[in-house]
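# A closer look at the structure
Residues per chain are reported as follows:
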Amino acid sequence: MAAAPASRVEPPLPDREAAAARAHPLGATLFAGACTSCHARGARMMAEGRPPLPFGSPLHENNPRNTIQIILHGLTPPVGPSGPYMPAFDSFTNAQVAEIVQYLHDRYGTGPAWANVTADVKRAREGRNP
Amino acid sequence: MIEIDVNGTAHRRDVDPSTPLLYVLRDDLGLHAAKFGCGLGQCGACTVLLDDQPIFSCVTPVAAVQGRKVTTVEGLGTIERPGIVQQAFAAEQAAQCGFCIPGMMIRAEALLRGTTHPSEAEVRDALQPSLCRCGTHMRILRAVRRAAKLRGGGVPDPAEPIS
């Protein structure tokens with residue numbers, strides 16, 4: 001089979017794991033303990049064919065709001081068919097959530113850097129996100 | 001070195017800060033009430049209280065709980081002096097296999113710390129994240145109603161749907 005034309009080949013997704021961990025060591029630690037049982041390479045969920053984190057759009061947006069909302073509230077599949085589920089991580093402090101968010105963006109994200117993430121987490125928790 | 005406060009006692013352990021709290025409770029502190037079920041924060045068997053909030057300890061890194069109070073079922077009472085939630089669950093024989101029961105008791109405790117007069121809907125909502133595969137839900141619900149009463153409150157007319 002002929003190879004896909006160059007223009008149709010997806011560029012490799014970034015994974016700046018070491019640099020992200022240097023910049024946000026607490027975020028890396030929290031991610032390792034809270035997230036990797038589903039989101040690490042080779043985790044059970046990945047083996048079931050779920051997409052890796054950078055395939056989703058939230059880490060490629062201009063602001064961290066969707067990423068924050070998903071961490072604070074989790075994801076619930078619709079009633080009926082089975083679907084992806086993620087528990088809410090609302091017991092983390094605002095600073096801890098911000099560390100995870102910044103680690104994730106540094107590691108996988110594209111687009112402009114996210115500033116004032118802790119303030120955005122606080123607003124999201126209070127239901128004040130625009 | 002990690003310092004954590006569990007059931008009112010401060011512990012220092014040399015564990016990796018990313019270790020899930022559940023592993024530290026079970027493997028390092030010998031507290032076996034919280035169970036490993038799915039390891040993904042989906043079944044609720046590992047539920048413990050962080051301050052007054054129920055959390056999945058299997059997906060909570062121990063680094064995240066420093067300086068806060070962790071409570072497990074061992075902290076609710078003893079065999080000789082069971083706490084109110086434990087008394088109620090025993091009286092209603094709420095456990096069949098028992099694997100989900102510590103998580104259910106912790107969720108009941110969290111609910112009743114907030115209010116001794118929850119509605120039936122609030123009780124069910126509070127327990128919803130914990131799964132029971134034996135099907136003893138009706139006994140578990142009765143146990144929570146009994147615990148509310150023992151705490152001087154109550155749950156008004158359950159009016160359980162027929163199923």
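No experiment lies behind these values; they were computed from the predicted model shown.

### Description of the environment of Gly74(A)
- Structurally, the position occupied by Gly74(A) is in the loop between helix H5 (65-73) and helix H6 (94-108).
- Separated by 14 residues in the primary sequence, Gly74(A) and Ala88(A) place their C-alpha atoms 4.0 Å from one another.

### Focus: the nonpolar core
- The biggest cluster of nonpolar side chains holds 47 residues, and the ones touching the most others in it are Phe92(A), Ile4(B), Leu21(B), Leu25(B), Val62(B) and Val70(B).
- Among the elements of the structure, helix H2 (25-34), H5, H6 and helix H7 (117-125) of chain A together with strand S1 (2-6), helix H1 (21-28), strand S3 (47-50) and strand S4 (53-56) of chain B are those that each provide at least two residues to this core.
- No other element matches H6(A), which puts seven residues into this core.
- For Leu25(B), the residues in contact, after removing those within four places along its chain, are Val6(B), Gly30(B), Leu31(B), Val48(B), Val70(B) and Thr72(B).

### Points about the interface of chain A and chain B
- Listed per partner, the contact involves 16 residues of chain A and 19 residues of chain B.
- Together chain A and chain B conceal approximately 1300 Å² of surface at their shared face, both sides included; 60% is due to carbon and sulfur atoms.
- Remark: the boundary between chain A and chain B carries five residue pairs in polar contact (both at pLDDT 80 or more).
- Those elements that place two or more of their residues in the side of chain A that touches chain B are H2 and helix H3 (36-39) of chain A.
- The residue makeup of the side of chain A that touches chain B, split by class, is eight nonpolar, six polar and two charged.

### Some thoughts on the pattern of salt bridges
- Evaluated as defined, the whole model comprises 16 salt bridges over all chains.
- Arg145(B) is the salt-bridge partner of Glu120(B), the closest N and O atoms lying 2.9 Å from each other. In this pair, Glu120(B) sits in helix H4 (residues 120-127) while Arg145(B) sits in helix H5 (residues 137-150), placing the two residues 25 residues apart along the sequence.
- A residue is classified by how much of its surface remains accessible, and Glu120(B), at 9% relative accessible area, is buried.
- You can call Arg145(B) buried: its relative accessible area is 12%.
- Connected via shared salt-bridge partners are Asp15(A), Glu17(A), Arg41(A) and Arg107(A).

### Observations concerning H2(A)
Residue and element names in this part refer to chain A.
- When you tally the buried positions in H2, you get seven out of 10 residues, the bulk of the element.
- Taken residue by residue, H2 has Gly 27, Ala 28, Thr 29, Leu 30, Phe 31, Gly 33 and Ala 34 as its buried positions.
- In this structure, the buried side of H2 is in contact with helix H1 (17-23), H3 and H6.

### A few points about the environment of Ile68(A)
All names here are of chain A.
- With respect to the helices and strands, Ile 68 occurs in helix H5.
- Among the residues examined, Ile 68 registers a relative accessible area of 0% and is labelled buried.
- In sequence terms Ile 68 and Val 117 are 49 residues apart; their C-alpha atoms lie 8.8 Å from each other.
- Once residues lying within four places of it in the same chain are set aside, the contact partners of Ile 68 are Val 101, Val 117, Asp 120, Val 121 and Ala 124.

Reading guide: rules and limits
Residues numbered from 1 in each chain as written. Chains lettered and ligands numbered in written order. Predicted model: local features only at pLDDT ≥ 70, side-chain atom pairs only at ≥ 80, totals over all residues. Heavy atoms only, no water. Helix = DSSP H or I, 4+ residues; strand = E, 2+ residues; numbered from the N terminus. Core = buried A, V, L, I, M, F, W, Y, C linked by side-chain atoms within 4.5 Å. Buried < 20%, exposed > 50% of the residue type's maximum accessible area, 1.4 Å probe, protein only. Contact = heavy atoms within 4.5 Å. Buried area = accessible area lost by both parts, 1.4 Å probe. Polar contact = N/O pair within 3.5 Å; in protein donor to acceptor, adjacent residues only side chain to side chain. Nonpolar A, V, L, I, M, F, W, Y, C, P; charged D, E, K, R; others polar. Salt bridge = Lys/Arg side-chain N within 4 Å of Asp/Glu carboxyl O.

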